[in-house]
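A structural walkthrough
Single-letter residue listing:
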Amino acid sequence: MLLYLTGVIYYIYMGMLAVFCTNAINILAGINGLEVGQSVVISASILIFNSIELYLGHQCNAHKFSIYLMAPFLAVSLALWQYNR
Amino acid sequence: MSTIIALSLSLCGLIYAFFIVFRYPAQVFVGDTFCYFAGMTFAVVGILGHFSKTLLLFFLPQIVNFLYSVPQLFGLVPCPRHRLPKYNSNTDRLQISTTKFVVSELNVVGRLIVHVFHFMRLISWKTDPKDQQKTVTVNNFTLINYFLVLFGPMHEGQLTRHLLSLQLCCSTLAFIIRYPLANYFYDS
C-alpha cells in the first residue's frame, strides 16, 4: 500500500517538476539574452554532469540519452544566443 | 557505432555555432515559447535520466527568483501586469520597476512578509512623508529588480552579464553540493 502511494507521489512530483522548470525560466526573463543565456549555462552544466557520470559508470543509458538531447540543445541555444545577446 | 556518429554530429553543430561571428545586440527576441521549450527539455532529460534532484540544483537562481516572487504571484502583495525593469532613455540604463500599496490594506500574511522582507533588506522601501495614507513604494519582487536595488541602475548588457555569472556560480556550487556532499550523505 505504501509502495503504491510512493508511486503516485512520484508521478505528481514529475508533473510538478515539468511545470516548475518551464515557468521558472519564464519568470527570470525579459531582458536581452537572459533566457537563452541561462539555458546555455544549465545545458552546459547538465552535459558536464552527464559526462562525469558516464565516466564513473553510473546509469549509462540514462546519461547517454540525456547527452543526445542536451548536446543539440546547447548548440541551438548558443546559435540563438548570438542573435539574442 | 551509432552513438559515436550521434555524438560527433552534435559536436559539429556545437562548433558551427561557435563559428558564427558576434553580431549586433538582439536581432532576435525570444518569448514564452522558448522558455517552455527549454524548460520541458530540461525536465524531460532530468526525469528520464534519473537526475531530477541534480537538475533542481542547477536551477538554484530560478528557484530563488520564484521564492522571492511568491508574494506577488499569490496576490499577497499587489502584482502589476509587467514587472520588468524600466528603461531610462536619458541615462541608457535600467531602473527598478515599482509597485505601490498601503501596508494596512494587505492581509495578515502579506503584512508579515512585507515586514520581514523590509527587515532583511530584501526590498527597497520608499515612503512619502506628506502622504496621509502612508503608501509605500517597493521594487517588484523579482531577482532582476533586486540586482538593480543592490547595485543601482545599470546598462542592460551589464545586468545580463551579472545574472549569467550568478547562474555560473550557482552551477559550480551545484557540482560541489552534488559530488563531495552527496557522497557524505548517501555513503555508497
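Residues numbered from 1 in each chain as written. Chains lettered and ligands numbered in written order. Predicted model: local features only at pLDDT ≥ 70, side-chain atom pairs only at ≥ 80, totals over all residues. Heavy atoms only, no water.

1. Thoughts on the overall build of chain A
Along chain A, the regular secondary structure elements total 3 helices and 0 strands. Listing each helix as α and each strand as β along chain A from the N terminus yields α-α-α. Relative to its length of 85 residues, chain A is extended, with a C-alpha radius of gyration of 16 Å against a globular reference of 12 Å. With respect to the three principal axes, the spread of C-alpha positions in chain A is 55 × 35 × 15 Å. When burial is assessed residue by residue, chain A has 52% of its 85 residues classed as buried. For chain A, long-range pairs separated by at least 24 residues make up 57% of all intrachain contacts whose partners lie at least 6 apart in sequence. With an accessible surface of roughly 4,000 Å², chain A has 75% of that area assigned to carbon and sulfur atoms. (Helix = DSSP H or I, 4+ residues; strand = E, 2+ residues; numbered from the N terminus. Rg over C-alpha atoms; globule rule 2.2 N^0.38 Å. Buried < 20%, exposed > 50% of the residue type's maximum accessible area, 1.4 Å probe, protein only. Contact = heavy atoms within 4.5 Å. Areas by Shrake-Rupley, 256 points an atom, 1.4 Å probe, with all protein chains shown as cover.)

2. A closer look at the overall build of chain B
Within chain B, the secondary structure is distributed over 7 helices and 5 strands. Element order for chain B, N to C, with α for helix and β for strand: α-α-α-α-β-β-β-α-β-β-α-α. Going through the 188 residues of chain B one by one, you find that 40% of them count as buried. Of all intrachain contacts in chain B linking residues separated by at least 6 positions in sequence, the fraction that spans at least 24 positions is 58%.

3. Notes on the side chain of N65 of chain B
Its location among the elements puts N65 of chain B in helix α4 (residues 60-73). Residue contacts for N65 of chain B: discarding those within four places in its chain leaves I27 and L28 of chain A together with T142 and L143 of chain B.

4. Digging into unusual backbone geometry
Residues and elements named next belong to chain B. Of note in this structure, D92 is not a glycine but carries a positive phi near 60°. Note that D92 resides in the loop between β1 (86-88) and β2 (93-95). Under the relative-accessibility criterion, D92 is labelled partly exposed at 33%. In this model, R121 sits at a positive phi of 60°, which is unusual for a non-glycine residue.

5. Observations regarding the pattern of salt bridges
Using the criterion set out here, one finds 1 salt bridge over all chains in the structure. The residue R178 of chain B makes a salt bridge to E53 of chain A at a minimum N-O spacing of 3.7 Å. Taken as a pair, R178 of chain B in helix α7 (residues 156-186) and E53 of chain A in helix α2 (residues 34-56) lie in two separate chains rather than in one. Note on R178 of chain B: relative accessible area 22%, which makes it partly exposed. (Salt bridge = Lys/Arg side-chain N within 4 Å of Asp/Glu carboxyl O.)

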